Amino acid sequence: MENKRPQRFDVALIHDAVSKSGVQQEGFFFNNEFAVLHGPGTHLFHFFLGRHTPLLVNDYRMGVVLQGELHVRMNLIEHRIKAGTMVFIGPGTIVEPISITPDVHVIGLALFRDLPFSVGRVPTLFNGSVRDCRIVPGEQQLSLVRQLIECLWLTVHTQPFCRPAFDALAAALMQLYNDFHSQDMEQQEGTTHGTDIFNRFIQLVNGHARQEHKLAYYADRMCLTQRYLGSVVREVSGATAKEWIDRAIVTEAKVMLRHSDKPMSVVADELHFPSPSFFAKFFRRITGLTPAEYRAGN
């Protein structure tokens, strides 16, 4: 039954991973409000790799890869995340683990509750406008982030637990992620026009593929012709715009099939297919499996 009904990537799934992977011995602390990863976390990552399913994140995750490499797909785009990289994951992100190197070592923080900021003071990176990002900081910046995570780790293991101190440290870490991301975006202002179009296209696809399956919708939203948008996307990415849209639809479908008990007819309807049979043919064409086979873990 576990393979048929995996949960969202939330506290319940983390609890399952901890109980089965022995990650507690590697430096991991969590409760219903937050989690701090201080050790390598290799067993934890292998646990999620073994599930062979996209994971839907509906909270905030901040991590730093200190050693090794993570190969993941986040919101359709594949990334090889190497040592020295800061990673941000926000609500609505779909993560598909692909592989990890044996020596991987990641530290970080996850927040499952309200953010430690008053109304109107939430950093831009955490206001919902960014789903995920990767930042390669300088040596001093990376050292500062590592020290803050170290302080968070010490705080959760100091009795009595001081919540105000924890919240202040978490807020400081979030401010650093926000500032480093802003600096990174300023440095990327010189990216090519084609890359900018592709990034905007992918952002729209991630947000609307469930309802909108046609290239015409995205071209219209971007005030471009379908032909021009299609040619730019193919030139930048090597794949057609329709392939990107189909990937997004399939990813949404995989999450719904594996993370809910919704009947196939409901999944097809929520993904705006004209019928369950049409959805099944589409899903099998892309994945090689029927929706029922995928749900069963085949």
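Residues numbered from 1 in each chain as written. Predicted model: local features only at pLDDT ≥ 70, side-chain atom pairs only at ≥ 80, totals over all residues. Heavy atoms only, no water.

Topic: the packing of aromatic side chains
The relation between two aromatic rings is expressed through the spacing of the ring centres and the mutual angle of the planes.
For step 1, the next point in the chain: For the structure shown, the criterion picks out 16 aromatic pairs.
For step 2, the next point in the chain: Between the aromatic rings of Phe34 and Phe161, the centroid separation amounts to 6.0 Å while the plane-to-plane angle is 35°, which identifies the pairing as tilted. Of this pair, Phe34 sits in strand S2 (residues 34-37) while Phe161 sits in the loop between helix H3 (139-156) and helix H4 (163-187); the two residues are 127 residues apart in sequence, bridging distant segments of the chain.
For step 3, the next point in the chain: Residue classification places Phe34 among the buried positions, given a relative accessible area of 1%.
For step 4, the next point in the chain: Accessibility expressed as a relative area gives 30% for Phe161, which makes it partly exposed.
For step 5, the next point in the chain: With centroids separated by 5.3 Å and ring planes inclined at 55°, the aromatic side chains of Phe273 and Phe279 adopt a geometry described as tilted.
For step 6, the next point in the chain: Judged by its relative accessible area of 8%, Phe273 falls in the buried class.
For step 7, the next point in the chain: Classification of Phe279 by relative accessible area gives buried; the value is 0%.
For step 8, the next point in the chain: Taken together, Phe273, Phe278, Phe279, Phe282, Phe283 and Tyr294 form an aromatic cluster joined through their ring pairs.
For step 9, the next point in the chain: Geometry around Trp244 places Arg247 over its ring, the cationic atom sitting 4.3 Å from the centre. (Phe/Tyr/Trp six-rings, centres within 6.5 Å; stacked < 30°, edge-to-face > 60°. Helix = DSSP H or I, 4+ residues; strand = E, 2+ residues; numbered from the N terminus. Buried < 20%, exposed > 50% of the residue type's maximum accessible area, 1.4 Å probe, protein only. Lys NZ or Arg CZ within 6 Å of the ring centre and 35° of its normal.)

Regarding the sheet that holds strand S9 (residues 105-111)
Strand pairing in a sheet takes place through backbone hydrogen bonds and is either antiparallel or parallel in direction.
For step 1, the next point in the chain: Read across the open sheet, the six strands follow the order S1-S2-S9-S4-S7-S10; overall the sheet is antiparallel. Sheet topology places strand S1 (28-30) and strand S10 (132-135) at the edges, where each strand pairs with a single neighbour. Neighbouring strand axes in the sheet, compared pairwise and without regard to direction, differ in orientation by 10° on average.
For step 2, the next point in the chain: In this sheet, S9 lies alongside S2 in antiparallel orientation, the contact comprising four bridges. Along S9, the bridge assignment pairs Phe34 with Leu111. (Pairing = 2+ DSSP bridges. Axes fitted to C-alpha atoms, helices over the stretch in contact; angles between N-to-C directions.)

Quick word on the pattern of salt bridges
For step 1, the next point in the chain: Following the criterion strictly, the structure yields 14 salt bridges and no others.
For step 2, the next point in the chain: Arg73 is the partner of Glu78 in a salt bridge, and the nearest nitrogen-oxygen pair spans 2.8 Å.
For step 3, the next point in the chain: Between Glu252 and Arg210 there is a salt bridge, with the nearest N and O atoms lying 3.1 Å from each other. Note that Glu252 is positioned in helix H8 (residues 241-259) and Arg210 in the loop between helix H5 (193-208) and helix H6 (215-221), a separation of 42 residues in sequence.
For step 4, the next point in the chain: In this structure Arg210 comes out as partly exposed when scored by relative accessible area, which is 26%.
For step 5, the next point in the chain: By sharing partners, the salt bridges in this structure join Glu33, Arg113, Arg163 and Asp167 into a single network. (Salt bridge = Lys/Arg side-chain N within 4 Å of Asp/Glu carboxyl O.)

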